[in-house]
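Coordinate analysis (summary)
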Amino acid sequence: MPEPSKKAVSAFTKKPKTTEATSGGSAMFEAETEKAGIKVKWQRAGAEITESKKYIIKSEGNKHSLTINNIEKDDDVTYAVIAGSSKVKFELKVKEPEKSEAVLPTEASSASAVLDADSAPAVPDSPPPPPDSIQKSVPTSEIQPELPLDLIGLFVTRPQDGEVSVGGNITFTAIVAGASLLKKPSVKWFKGKWMNLGNKVGTHLQLHDHYDRNNKVYIFEMQIIDAKMTYAGGYRCEVSTKDKFDSCNFNLIVNEAPAAGDMDIRTTFRRIAEGHEEGGELDFSALLKKRDSFLRSVNRTEAKTESQPSVDVWEILRKAPPSEYEKIAFQYGITDLRGLLKRLKRMKKEEKKSTAFLKKLDPAYQVDKGQKIKFTVDVANPDADVKWLKNGQEIQVSGSKYIFEAVGNKRILTINHCSLADDAAYQCVIGEEKSFTELFVREPPVLIIHPLEDQMVMVGERVEFECEVSEEGATVKWQKDGTELTREEAFKYRFKKDGKKHYLIINESTKEDSGHYTVKTNGGKSVAELFVQEKKLEVYQSIADLTVKARDQAVFKCEVSDENVKGIWLKNGKEVVPNERIKISHIGRIHKLTIDDVTPEDEADYSFIPEGFAYNLSAKLQFLEIKIDFVPREEPPKIHLDCMGQSPDTIVVVAGNKLRLDVPISGDPIPTVIWQKVNKDSVQSSDDSRNPPGTSSDLSNDNKLLSESEGRVHVEMHEDHCVFIIEGAEKQDEGVYRVTVKNPAGEDKADITVKVIDVPDPPEAPKILNIGEDYCSVEWQPPSFDGGQPILGYILERKKKKSYRWMRLNFDLLKELSYEAKRMIEGVIYEMRVYAVNSIGMSRASPASAPFMPIAPPGEPTHFTVEDVSDSTITLKWRPPERIGAGGLDGYTVEYCKEGSTEWVPAIYGLTERTSTLIKDLVTGDKLYFRVKAINLAGESGPAITKEPITIREIVQRPKIWLPRYLRQTLMKKVGETINIVIPFQGKPRPRVTWMKDGQALESKDVGIRNSITDTILFIRKAQRHHSGTYEVAVQIENMEDKVTITIQIADKPGPPQNVKIVDVWGFNVALEWTPPQDDGNAQILGYTIQKADKKTMEWYTVFDHYRRINCVVSDLIMGNEYYFRVFSENSWGLSETAATTKTPAYIQKTGTIYKPPSYKEYDFSEPPKFTHPLANRSVIAGYNATLSCALRGIPKPKIFWYKNKVDLSGDAKYRMFSKQGVLTLEIRKPTPFDSGCYTCKAVNDSGEAEIECRLDVRAPQ
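A brief look at the structure comes next. Please read all numbers here as calculations on a predicted model, not as lab measurements.

**Some points on the overall build of the chain**
When you go through the chain residue by residue, the secondary structure sums to seven helices and 97 strands. Counting across all 1262 residues of the chain, residues that qualify as buried make up 39%. In the chain, the share of contacts with a sequence separation of at least 24, taken over all contacts with a separation of at least 6, comes to 63%.

Given below as structure tokens:
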């Protein structure tokens, strides 16, 4: 997960802006900093500006200004102002004084002029259009001075959007800088997403390019001739070289030409010549007219001229195959074929059924990147030859990418491991018939697996940010302080991809590169901070004075902190030139000057000067002359050392280095030399320090030391001197070494102290103290061993817990044993370590400190208020702090303090996680202040305190009942329903609540009463008729009382009417009469429903409903039939459960003869379900209700089920099903693309079942 980043805060409150100025004038830039006294630097083209007559720099408080006088053309560069780590860039644009003639701006070279078709006819073999048909182009020799420089990419001038009328010409121009290119760049022109226009060059499209040697630019042109409406849309120009790539998008708008009047479209192709006869040149101007006028002309049914009979172009297009459309369009002069085909598609005609396909491809498919997709079609002929095309090109079998299958009548194309290259249009072709579809490949979000890490470098060092994403080849965006980074002309930033890893490289960092760098993908981002410090050079080992003898070798050596620093050697102020005898070497951080066969002329002062630093390391070379005097034959031995004093001389050697000590000796005969290491106590006693050659110390003995190159510590013997050598000095080599020389004439001895110095031991792990929101204090102890040299200071590093990169926090050595580290991210776990530094170098790193997390205490709680007060309690409530931080929130503490006291007493034990509390056992009458604090790992927040002291005393409040509005009228409920009445009230202290029903105390067992401090509840689980009545609730405090009355009516369906009888029968009429029901259901009778039934079928049909009288006349009865009648009563809860029926039927007697009906066998009318009108496939727009309809018949009435993709839709509220007169309708409310699929309607009755299905496609709105 990317680490949270801290937004970089600018030091400027007002920033200078880009300004235009005239050559010879002056310009002033102003800036304001957030604080006064901040040092501000001004830069010109990356170099610091110093104050002069031309540049005037002023600073007053927090206001700063730069004035540039006598502006010249060279001053048209980029400027910058720097304050701390904030840098703001701006430009000065210098323009020449206005001339008498207007200069055509170079942007016009890429714009387009509109050509009227009447002024320049387009002929395929004609030369390029005249100047008035194309934009005026600027001479190439005048392009470069006025070009707007494109600092990003390869383009100097990009193609601009253009507009042209139908039949006009237009040219798009792209100019590419060629000064830095070794070969001509490659340019491609595209229309839309993938159509390469390089293959479309012909009569209507021309591509040109040439090279301007004067301005060193490549000019590429795309010329569109005789533009058509189909040419409108988006275009793209791509330019690429060996290692660079750039692209530009632009649009072309094609306007319709003015209407030319209603005319036969075929007359537009007549040849016009003198005398108005047919022949001569083709005149295309009549084609340039509005689409509606054109369509009117081709739809006419009456002829315009006698010589040209009317032709129905619509009918021709409807009958012609699609392959003949272009031929027909050319034959009849149709210029807007695409618009015509759209109109043709909308015409109401029967769709021709495909003879080759039983089931075609869906209009579109979607698949995730890396997944596979299957295209399936059903063919009519299993032996048919099927071809699959992608973007018009036939797909060939290639490995496992494409798999072709034939299963019965099905033809399947499987595309494995879909990539963005598979996002295209596909076709399935059988003979002349085609099935089209589009595949959309959805790219999953790219996640950052390994985030960026903070870095600290020196000026000039290389910086490399690295991150790893979840997918190879993913596109990432790099930003610095919120500004996107791109490849500049100087290629300051380099972007590199290696599989899933992405790199941002800064080859030579500068102070201005400090800041926050962000890498973004479509699935996340990561932020890291870059610190760039000024480069400082430390001298680890300086050169030392040397005294050498003739023919010996002199070596001057020094060691500096930067191994990339070069330098020069000087001899008495003059540079040393290397030769065969004098050699200069530079290996890593060590610089050496070696002089072989030293001569007296080599005696001088030698210096080493590092390049770019104000250092001068000097030493002196002294030449030692050896004088030869007459020596008697026997001479006592003598050691010739400069340290032949009372105390032993000290030789300092750095651990790991080689110690070579030349000890000149004399004596005749040649003395015997003995070396031994002695204890410090024996240094004072010369007698104890002399050991015979056979008893030398454990470091060496005579035999061992006198042998050459044996052991790490050994002695080399020569005629006039001996050499004491320690290879790779170690700490145990430190001590006093005694050299003794003997011969018959006597002996001599000398003590030499060898001191081995080294880098100090690593300090102990630092301790972290005083942790804050983005800082902490670090303390440590000095190392146990300082390496023999004083500790010069310490270096502190930190890293994130899960990272492996340590970042240095200081470049100047810390003299103290503590440090306050800042600029950390709250909530991130860090570790610290420390190095000790002496004159030899830097120690190993100390052990890492204990992991810690910068966190800060939360903010104080908000909205702290008193909710309630009684004689001994108080209720407080508050809201969480606005700022909680990474440390979270552990809880709250609540305290109180008496008025006039300063002692705060805890009100509750421990912490509470709730945002309210009840404090009990308080003293009545006390005046108390209350406060609450938020607590987390970092400590406690500031307190939220009540503004005024709170008196602990109950406040008397008059009782008041707040009767809900719906209870102010009669509450109607049905028998069996639940009654739950909540009546809120107020009053202090807690009032006494009483309920009454019809003037009596309410004591029913099935009526529940629940009282609380703020409300009372009446609850009846199952209401009965006897619960009806008037309820009274009273709230009383002492002698104060409030009452309200509630009327509840429990009702049910009424009983049936009484005494239904037939009063009279005449003709085709029957008179009925009845009395009201005995039980009205405790509600008003609203009417009656009268039904009749033929005695033969006993099927009841409603004659009257909502009838209010208690008598009626039923008419239109059938002669010869007998009828029964029944009556239902009705109130507000519905019809009665039963009806009152006439006891005897009413016979409608015939007039005349009495007909005896024959007896017939009852016919079985049952029929299985059958769909008389099928479901039709539909394509709808998302967000608008859609319906699917079909027709059905079946006896008895079938039961209907709807399914989507075999899933029952009965319980889904999004779908509504209707059935009316055999028409079945499924309504889908506001469908989305996810509602697309296969819908099935299934009908079932006792005689059988049937089902039908259709396809619904939901398209997203355009």
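From this point, the narrative continues.
**Structural notes on unusual backbone geometry**
The omega torsion across Asp668 and Pro669 is 5°, close enough to zero to call that bond cis. By the element assignment, Pro669 lies in the loop between β50 (659–668) and β51 (672–678). Cis rather than trans, the peptide bond between Lys988 and Pro989 has omega equal to -10°. Even without glycine at this site, Asp1116 takes up a positive phi of about 60°. Tracing the sequence through the fold places Asp1116 in the loop between β84 (1111–1114) and β85 (1122–1131).

**Thoughts on the pairing of strand β95 (residues 1223–1228)**
The side chains of a regular strand alternate between the sheet's two faces. Counting buried positions along β95 gives five out of six residues, so the element sits mostly inside the fold. Looking at chain direction, strand β91 (residues 1186–1195) and β95 are connected through six bridges and run antiparallel. Bridge pairing links Ala1191 to Val1223 in β95. Two elements, strand β94 (residues 1215–1220) and β95, share six bridges in a ladder whose sense is antiparallel. If you follow Tyr1215 over to β95, its bridge partner there is Ile1228.

**Observations concerning the sheet that holds strand β30 (residues 448–450)**
With antiparallel pairing, four strands are arranged side by side in an open sheet as β30-β32-β36-β35. The open sheet has two edge strands, β30 and β35 (493–498), and neither has a second partner. With strand direction ignored, the average angle separating the axes of adjacent strands in the sheet is 30°. Where strand β32 (residues 463–469) lies against strand β36 (residues 501–506), six bridges are found, and the strand directions are antiparallel. The residue of β36 that forms the bridge with Glu468 is Lys501.

**Examining the environment of Pro762**
Topologically, Pro762 is positioned in the loop between β55 (746–757) and β56 (767–769). Put simply, Pro762 and Pro847 are 85 residues apart on the chain and 8.2 Å apart in space, counted from C-alpha to C-alpha. Ignoring anything within four residues of it in the chain, the contact list for Pro762 reads Pro783, Ser843, Arg844, Ala845 and Ser846.

**Here's the deal with the nonpolar core**
Formed by 25 residues in total, the largest nonpolar core has its most connected members in Phe172, Val176, Trp189, Met222, Ile224, Tyr235 and Leu252. At the level of elements, β12 (170–177), β16 (217–224), β17 (233–240) and β18 (245–255) are the ones that each hand at least two residues to this core.

**Focus: the packing of aromatic side chains**
On inspection of all chains with the given rule, the structure shows 27 aromatic pairs. Residues Tyr1123 and Phe1125 carry aromatic rings whose centres are separated by 6.5 Å and whose planes lie at 35° to one another, so their mutual orientation is tilted. In this pair, the class of Tyr1123 matches that of Phe1125, namely buried. Pairing Tyr1215 with Tyr1239 gives two aromatic rings, centres 6.4 Å apart and planes at 55°, and the pair type is tilted. A residue pair is termed long-range when its members are at least 10 positions apart, and Tyr1215 in strand β94 and Tyr1239 in strand β96 (residues 1237–1245) qualify at 24 residues. Across this residue pair, the class does not change: Tyr1215 and Tyr1239 are buried. The positively charged end of Lys54 is found above the aromatic ring belonging to Tyr55, 5.9 Å away from the centroid. The aromatic ring of Phe1019 is capped on one face by Arg1010, whose charged end is 5.6 Å from the ring centroid.

**Things to note about a nonpolar patch on the surface**
A cluster of nonpolar side chains, namely Tyr1163, Phe1165 and Ile1195, defines an oily patch on the protein surface of about 370 Å² accessible area. Along the chain, Tyr1163 falls in the loop between β88 (1146–1147) and β89 (1167–1173).

**Considerations on the pattern of salt bridges**
Scanning all chains against the criterion turns up 45 salt bridges. Its salt-bridge partner being Arg738, residue Asp751 comes within 2.7 Å of it at the nearest N-O pair. Note that Asp751 is positioned in strand β55 and Arg738 in strand β54 (residues 735–743), a separation of 13 residues in sequence. Look at Asp751 and you get buried, because its relative accessible area is 17%. Here Lys988 and Asp868 are joined by a salt bridge, their closest N and O atoms 2.4 Å apart. Of the two residues, Lys988 is situated in strand β73 (residues 979–988) and Asp868 in strand β62 (residues 862–869); the sequence distance between them amounts to 120 residues. In this structure Lys988 comes out as partly exposed when scored by relative accessible area, which is 24%.

**Some points on the sheet that holds strand β97 (residues 1248–1259)**
Strand order in the open sheet formed by five strands is β90-β97-β96-β92-β93, with mixed pairing between adjacent strands. Two strands in the sheet have a free side with no partner beyond their single neighbour: β90 (1178–1181) and β93 (1207–1208). The pairing of strand β92 (residues 1199–1204) with β96 spans six bridges and is antiparallel. Across the sheet, residue Lys1204 finds its bridge partner in β96, namely Tyr1239.

**Brief notes about the side chain of Lys480**
For Lys480, the position within the fold is in strand β33 (residues 477–480). Separated by 3.4 Å, the side chains of Lys480 and Asp481 make a polar contact. A distance of 3.4 Å separates a polar atom in the side chain of Lys480 from the backbone oxygen of Glu512. Dropping the residues within four chain positions of it, Lys480 is found in contact with Leu485, Tyr493, Glu512, Asp513, Ser514, His516 and Tyr517.

**Considering the pairing of strand β26 (residues 402–407)**
Where β26 and strand β27 (residues 410–415) come together, six bridges link them in antiparallel fashion. When the bridges of β27 are listed, Ile403 appears paired with Thr414.

**What to know about the environment of Lys480**
The class for Lys480 is buried, based on a relative accessible area of 15%. When the C-alpha atoms of Lys480 and Glu529 are compared, they prove to be 9.6 Å apart, with 49 residues separating the residues in sequence.

**Some points on the state of the cysteines**
Each disulfide is one covalent bond, formed between the sulfur atoms of two cysteines. Under the counting rule described, the total for this entry stands at zero disulfides. Cys1238 forms no disulfide, and the closest cysteine sulfur to it belongs to Cys1254, at a distance of 7.1 Å. Looking at the unpaired Cys1241, the closest cysteine sulfur is the one in Cys1190, lying at 4.2 Å. What makes Cys1241 buried here is its relative accessible area of 0%.

The rules behind each value
Residues numbered from 1 in each chain as written. Predicted model: local features only at pLDDT ≥ 70, side-chain atom pairs only at ≥ 80, totals over all residues. Heavy atoms only, no water. Helix = DSSP H or I, 4+ residues; strand = E, 2+ residues; numbered from the N terminus. Buried < 20%, exposed > 50% of the residue type's maximum accessible area, 1.4 Å probe, protein only. Contact = heavy atoms within 4.5 Å. Pairing = 2+ DSSP bridges. Axes fitted to C-alpha atoms, helices over the stretch in contact; angles between N-to-C directions. Core = buried A, V, L, I, M, F, W, Y, C linked by side-chain atoms within 4.5 Å. Phe/Tyr/Trp six-rings, centres within 6.5 Å; stacked < 30°, edge-to-face > 60°. Lys NZ or Arg CZ within 6 Å of the ring centre and 35° of its normal. Patch = residues over 30% accessible without salt bridge, like charges linked within 9 Å, V, L, I, M, F, W, Y side chains within 5 Å. Areas by Shrake-Rupley, 256 points an atom, 1.4 Å probe, with all protein chains shown as cover. Salt bridge = Lys/Arg side-chain N within 4 Å of Asp/Glu carboxyl O. Polar contact = N/O pair within 3.5 Å; in protein donor to acceptor, adjacent residues only side chain to side chain. Disulfide = S-S within 2.5 Å.

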